[in-house]
Amino acid sequence: MASVCIAVYMGYESWLLIEARRFSLRDIMFMLGSIGWLVITFNIVTRQYRWANYLCK
């Protein structure tokens, strides 16, 4: 649940950066981190990791 909340927050912050048309190196790295976190969250929710499958029996 925490991973989903973090993914939503990072997605929202990235959207605000895109709307503000700010593209500094820090902002671009934050957006790339958001994409990575979304991939990790997707893998957790779909139980593609062994430890997630073990915890969600």
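Residues numbered from 1 in each chain as written. Predicted model: local features only at pLDDT ≥ 70, side-chain atom pairs only at ≥ 80, totals over all residues. Heavy atoms only, no water.

Colleague: Any details on helix α2 (residues 25–45)? Residues and values, ideally.
Modeller: Because each turn of an α-helix spans 3.6 residues, side chains separated by three or four positions end up pointing in the same direction. Helix length check: α2 (21 residues) gives 30 Å between terminal C-alpha atoms against 30 Å at 1.5 Å per residue, within 8%. Looking at the buried positions of α2, the neighbouring elements they touch are α1 (2–19). Where α2 terminates, the next one or two residues include R47, which has phi positive at roughly 55°. (Helix = DSSP H or I, 4+ residues; strand = E, 2+ residues; numbered from the N terminus. Expected span 1.5 Å × (residues − 1). Contact = heavy atoms within 4.5 Å.)

Colleague: For the side chain of S14, give the residues involved together with the corresponding values.
Modeller: Following the sequence through the fold, S14 ends up in helix α1. A relative accessible area of 8% means that S14 is categorised as buried. If sequence neighbours within four positions are ignored, S14 has contacts with F30, M31 and S34. (Buried < 20%, exposed > 50% of the residue type's maximum accessible area, 1.4 Å probe, protein only.)

Colleague: Describe the confidence of the model for the protein chain, with residues and values.
Modeller: For the protein chain, the mean per-residue pLDDT works out to 85, and 98% of the residues sit at or above 70. The secondary structure element of the protein chain with the lowest average pLDDT is helix α3 (residues 50–55), at 72, and the one with the highest is α1, at 89. (pLDDT = per-residue confidence, 0-100.)

Colleague: Mind laying out the packing of α1 against α2, listing which residues take part and the relevant values?
Modeller: The geometry of α1 relative to α2 is characterised by a closest axis approach of 9 Å and an angle of 150° between their N-to-C directions. When the axis of α1 is compared with that of α2, the two are roughly antiparallel. Relative to α2, the crossing made by α1 is left-handed. Along its contact with α1, which presents S3, V4, I6, A7, M10, E13, S14, L17 and I18, the element α2 presents D27, F30, M31, G33, S34, W37, L38, T41, I44 and V45. Its residues assigned to classes, the contact of α1 with α2 comprises twelve nonpolar, five polar and two charged. (Axes fitted to C-alpha atoms, helices over the stretch in contact; angles between N-to-C directions. Parallel < 35°, antiparallel > 145°, perpendicular 65-115°, else oblique. Left-handed = near helix turned anticlockwise from the far one by under 90°. Nonpolar A, V, L, I, M, F, W, Y, C, P; charged D, E, K, R; others polar.)

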